[in-house]
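Observations on the three-dimensional arrangement
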Amino acid sequence: MQYNLNEICLLPSATPTTISSRSQVNTRDFLDRLPIFVAPMTSVINETNYKEFLKHDVIPVLPRGRHVSDAYPSFIFNSYSLNEIEEGLKNKTFSNKDQILIDVANGHMLKIYDLAKQLRKEWPMITIMVGNIAHPDMYRACVESGVNYVRVGIGGGSACTTSVQTGIHASHVWLIEGIKRIRKDYITYNPGVKLPAVIADGGINTIDKAIKCLALGYDYVMMGYCFAKCKEACGITSQIEYSPVVTRTYYGMASEQGQIDISGGVKKNPEGTSTTIIVDTTLEEFTNQFEAALRSAMSYVGAINLHEFKNNTQWDIMSYEEFKSYYK
């Protein structure tokens, strides 16, 4: 069943927990970062502001054409098209220290995984992210190709119109439930295999949705909209004279403006839209709020770390009346 994140709620622990203070909870990944990737959107992040995100322990993913290679090579991802990956393989321009995203909207193409295998063979220690996939069984191709991260979700982004144009869609709840079954099979029958981390991508536009994704079993979330509301984000802003309100133009990378930003051209059938949002927070305020909310959720569940949170949390469906009570 394709349940929406709005339709589910997390359940607190059914037994007393040993957590007596939220300070006992560890909300960080193995590199002491928050479990958040910044979506590679030119209305959010570029080569001039990515360090602002690093300061607040979120993981930058730079859009295509906005590459950097300075003092932070192990903490940022650079995005590349399929053609750019082929050129990099041909000219041997990558290295074992690189963290790359093969940035393709349709992660169901065989070519992506063939290139990932070539990258892994040429540079065994390179870090590879792929996506987006929208069927749990595609996770098998990610495992077999040796990638490190996979973006999961198609059509759910607030600035994405793929679903309404094509009919293709998959909910984050349905996707991760299927992927968890596949992961369990791999652990049981192939205990030595390294499984790619799973990133919920698209429609994660509130903190509670991000927390729900982590509780459902995702390793990370990828966010664009929430960061676009931060003062440190890039993109076009405007302010009415004598008004304190600042707005930013926010758009998907499959939109006309997004295509112009990364390639100078426009798709024949853009699958993204543009909207105006209010800039009303800072990265520090948002990340502090996110981490505080995540700590609280984990303490209710009785999870001392993210591993326990994603493996031990139970959830249930809300009725429409309960939904109205939830979203006051």
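What you are looking at is a predicted structure, and each value in this text was computed from that prediction instead of being measured. (Residues numbered from 1 in each chain as written. Predicted model: local features only at pLDDT ≥ 70, side-chain atom pairs only at ≥ 80, totals over all residues. Heavy atoms only, no water.)

1. Focus on the packing of helix 3 (residues 110-122) against helix 4 (residues 138-145)
One way to put it is that helix 3 packs onto helix 4 with a least axis distance of 9 Å and a crossing angle of 20°. Between helix 3 and helix 4, the crossing angle belongs to the class labelled roughly parallel. As helix 3 runs across helix 4, the sense of the crossing is right-handed. Seen from helix 3, the contacting residues are Tyr113, Ala116 and Lys117; seen from helix 4, they are Met138, Ala141, Cys142, Glu144 and Ser145. Broken down by class, the residue content of the contact of helix 3 with helix 4 amounts to five nonpolar, one polar and two charged. (Axes fitted to C-alpha atoms, helices over the stretch in contact; angles between N-to-C directions. Helix = DSSP H or I, 4+ residues; strand = E, 2+ residues; numbered from the N terminus. Parallel < 35°, antiparallel > 145°, perpendicular 65-115°, else oblique. Left-handed = near helix turned anticlockwise from the far one by under 90°. Contact = heavy atoms within 4.5 Å. Nonpolar A, V, L, I, M, F, W, Y, C, P; charged D, E, K, R; others polar.)

2. What about the side chain of aspartate 201?
When you line up the elements, aspartate 201 lands in strand 8 (residues 197-201). At 2.9 Å, the side chain of aspartate 201 forms a polar contact with the side chain of arginine 151. With residues near it in sequence (within four places) discarded, aspartate 201 still touches Asn132, Arg151, Val152, Gly153, His172 and Met222. (Polar contact = N/O pair within 3.5 Å; in protein donor to acceptor, adjacent residues only side chain to side chain.)

3. Topic: the packing of aromatic side chains
Following the criterion strictly, the structure yields 15 aromatic pairs and no others. When the ring of tyrosine 225 is compared with that of tyrosine 250, the centres are 5.7 Å apart and the planes differ by 80°; the resulting orientation is edge-to-face. Taken as a pair, tyrosine 225 in helix 8 (residues 225-228) and tyrosine 250 in strand 11 (residues 246-251) lie far apart in primary sequence, 25 residues in all. Ring pairs connect the aromatic residues Phe37, Phe77, Tyr149 and Tyr220, which therefore count as one cluster. A cation over an aromatic ring shows up here: arginine 33 above the ring of phenylalanine 30, its NZ or CZ 5.8 Å from the ring centre. (Phe/Tyr/Trp six-rings, centres within 6.5 Å; stacked < 30°, edge-to-face > 60°. Lys NZ or Arg CZ within 6 Å of the ring centre and 35° of its normal.)

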